[in-house]
Amino acid sequence: METVQSTIDEINDGIYRISTWVPEVSPDGFTFNQFLVMGEEPLLFHTGPRGMFPLVAEAVARITPVESLRWISFGHVEADECGSMNMWLTAAPDSQVTFGALGCDLSLNDMSDRPPRALAEGEVLDLGGRRVRQISTPHLPHGWEAQVLFEEVTGTLLCGDLFTQVGGGPAVTADDVVGPALDAEGMFHATSLAPATGRMLRSLGDLAPTTLAIMHGPSFRGDGRTALHELASGYEKLMAEA
């Protein structure tokens, strides 16, 4: 896998986006983004696959010493989300995976080299200056154990594969992210479109996030509630047309 670019941008106060653009994934390329939430106990959201570990670790080290990481989390169990999880646990001896209880029971109690910290539904993890709330989103976008984290101080939704789009683009945009996400869905068919999909998306929108930290594509700054509600409507239209 040829990686041609890795960038670091602060997308909100103390929240950094580490982005690697990979040209082979689609005709327009594809970004793989990790998010570092700084606090007294820093949290890394998405680890990247094992092959990207040296690149991502080098980027993290430009922000904070890798060994200072305390928490490692992600949206669901998949190579680009948590493939290098155990490499991070080795590099940061005091770190621990933290995830919703279902994901721990299904996979992470076995897969993680150290026992993970299971989070109860809606539990808030205090990072010291930042607070992340665990929210389960089963099968949204995919995976029974799927979750998002909501950083309450900055209003940032760490939304994993939601709003996935192809191509590069800026680190942060105020432009439409719903149209490109629906275009990518037409290309990949990656989302589990189910009766509860729209309801869960609207529930996330009702948190009124002002920043959406998107794993594949630019992060979004603006009216996150409207964006999530419009994505719900777009998916419901796709289901009705199926």
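One can find the structure itself at the top, above this paragraph.
K.L.:
What is the right way to look at the overall build of the chain in this model?
P.N.:
On a plain count of helices and strands, the chain comes out with 7 helices and 14 strands. Each principal axis of the C-alpha distribution contributes one length, and for the chain these read about 50 × 40 × 30 Å. A buried classification covers 52% of the 242 residues belonging to the chain. A total accessible area of about 9,800 Å² is found for the chain, and carbon and sulfur atoms account for 51% of it. The averaged location of the 33 negative side-chain charges in the chain is 5 Å from the averaged location of its 14 positive side-chain charges.

K.L.:
Explain the sheet that holds strand E11 (residues 156–158) to me, please; I cannot follow it from the model alone.
P.N.:
By way of backbone hydrogen bonds, the strands of a sheet pair with one another, either parallel or antiparallel. Ordered in space as E8-E9-E10-E11-E13-E14-E12, the 7 strands form an open sheet in which the pairing is mixed. The strands lining the two open edges of the sheet, one partner per strand, are strand E8 (124–126) and strand E12 (172–173). Strands in contact with helix H7 (residues 224–241) are E11, strand E13 (211–213) and strand E14 (219–221); relative to E13, the strand with the most contacts, it is inclined by about 55 degrees.

K.L.:
When you look at a nonpolar patch on the surface in this model, what are you seeing that I'm missing?
P.N.:
A cluster of nonpolar side chains, namely Val25, Met187 and Phe188, defines an oily patch on the protein surface of about 230 Å² accessible area. Along the chain, Met187 turns up in helix H5 (residues 178–188). For Met187, a relative accessible area of 42% gives the class partly exposed.

K.L.:
Teacher, can you tell me more about helix H4 (residues 101–111) here?
P.N.:
Since the α-helix advances by 3.6 residues per turn, residues separated by three or four positions end up pointing in the same direction. For H4, the full list of buried residues reads Gly103, Cys104 and Leu108. Considered in projection along H4, the buried side chains sweep an arc of 90 degrees and stay on one side of the axis. Exposed side chains of H4 directed beyond 90 degrees from the buried face belong to Asp105 and Asp110. Buried-residue contacts for H4 involve helix H3 (85–91), strand E6 (96–100) and strand E7 (117–119).

K.L.:
For this particular structure, what's the right way to read the layout of surface pockets?
P.N.:
It is the rolling of a water-molecule-sized probe over the atoms that shows where space remains empty. The volume enclosed by the largest pocket comes to roughly 250 Å³. Residue lining of the largest pocket: 17 residues in total, with His142, Asp161, Thr164, Phe188 and Ala190 positioned closest to the centre. No other element matches H5, which puts 4 residues into the lining of the largest pocket. Among the residues forming the lining of the largest pocket, the class breakdown is 9 nonpolar, 4 polar and 4 charged.

K.L.:
Sorry if this is basic, but what is going on with the nonpolar core here?
P.N.:
When a protein is soluble and globular, its nonpolar side chains tend to lie buried together. Ranked by internal contacts, the top residues of the largest apolar core, which has 26 residues, are Val60, Phe74, Met85, Trp88 and Val97. Residue assignment for this core shows that the elements contributing at least two residues are strand E2 (15–22), strand E3 (30–37), helix H1 (53–61), H3, E6 and H4. For this core, the element with the most residues is H1, which contributes 5 residues. Once you skip the residues sitting within four places of it in the chain, Phe74 turns out to touch Phe45, His46, Glu81, Cys82, Met85, Val97, Phe99, Leu108 and Gln147. Membership of the second largest hydrophobic core comes to 22 residues, among which are Val148, Cys159, Val177 and Leu201.

K.L.:
Is there a simple way to think about the pattern of salt bridges in this case?
P.N.:
A pair can form between side chains of opposite charge whenever their charged atoms are brought close. The tally for this structure, following the rule as stated, stands at 6 salt bridges. Arg202 is the partner of Glu236 in a salt bridge, and the nearest nitrogen-oxygen pair spans 2.8 Å. Remark: Arg202 occurs in helix H6 (residues 197–205) and Glu236 occurs in helix H7; sequence separation between them is 34 residues. Within the structure, one salt-bridge network assembled from shared partners comprises Arg131, Arg133 and Glu152.

K.L.:
So what exactly am I meant to see when it comes to a negative patch on the surface here?
P.N.:
Taken together, the side chains of Asp175, Asp176, Asp223 and Glu230 present a region of like negative charge at the surface. By the element assignment, Asp223 lies in the loop between E14 and H7. Of the residues examined, Asp223 reaches a relative accessible area of 43% and is grouped as partly exposed.

Conventions we followed
- Residues numbered from 1 in each chain as written.
- Predicted model: local features only at pLDDT ≥ 70, side-chain atom pairs only at ≥ 80, totals over all residues.
- Heavy atoms only, no water.
- Helix = DSSP H or I, 4+ residues; strand = E, 2+ residues; numbered from the N terminus.
- Buried < 20%, exposed > 50% of the residue type's maximum accessible area, 1.4 Å probe, protein only.
- Areas by Shrake-Rupley, 256 points an atom, 1.4 Å probe, with all protein chains shown as cover.
- Lys, Arg positive; Asp, Glu negative; His and termini not counted.
- Charge placed at Lys NZ, Arg CZ, Asp CG, Glu CD.
- Pairing = 2+ DSSP bridges.
- Contact = heavy atoms within 4.5 Å.
- Axes fitted to C-alpha atoms, helices over the stretch in contact; angles between N-to-C directions.
- Patch = residues over 30% accessible without salt bridge, like charges linked within 9 Å, V, L, I, M, F, W, Y side chains within 5 Å.
- Salt bridge = Lys/Arg side-chain N within 4 Å of Asp/Glu carboxyl O.
- Arc of directions from axis to C-beta.
- 1 Å grid on protein atoms, 1.4 Å probe; cavity = no way out; pocket = protein on both sides within 12 Å on 5 of 7 lines; lining within 4 Å.
- Points joined across faces, edges and corners; volume = space filled by probe spheres on them.
- Nonpolar A, V, L, I, M, F, W, Y, C, P; charged D, E, K, R; others polar.
- Core = buried A, V, L, I, M, F, W, Y, C linked by side-chain atoms within 4.5 Å.

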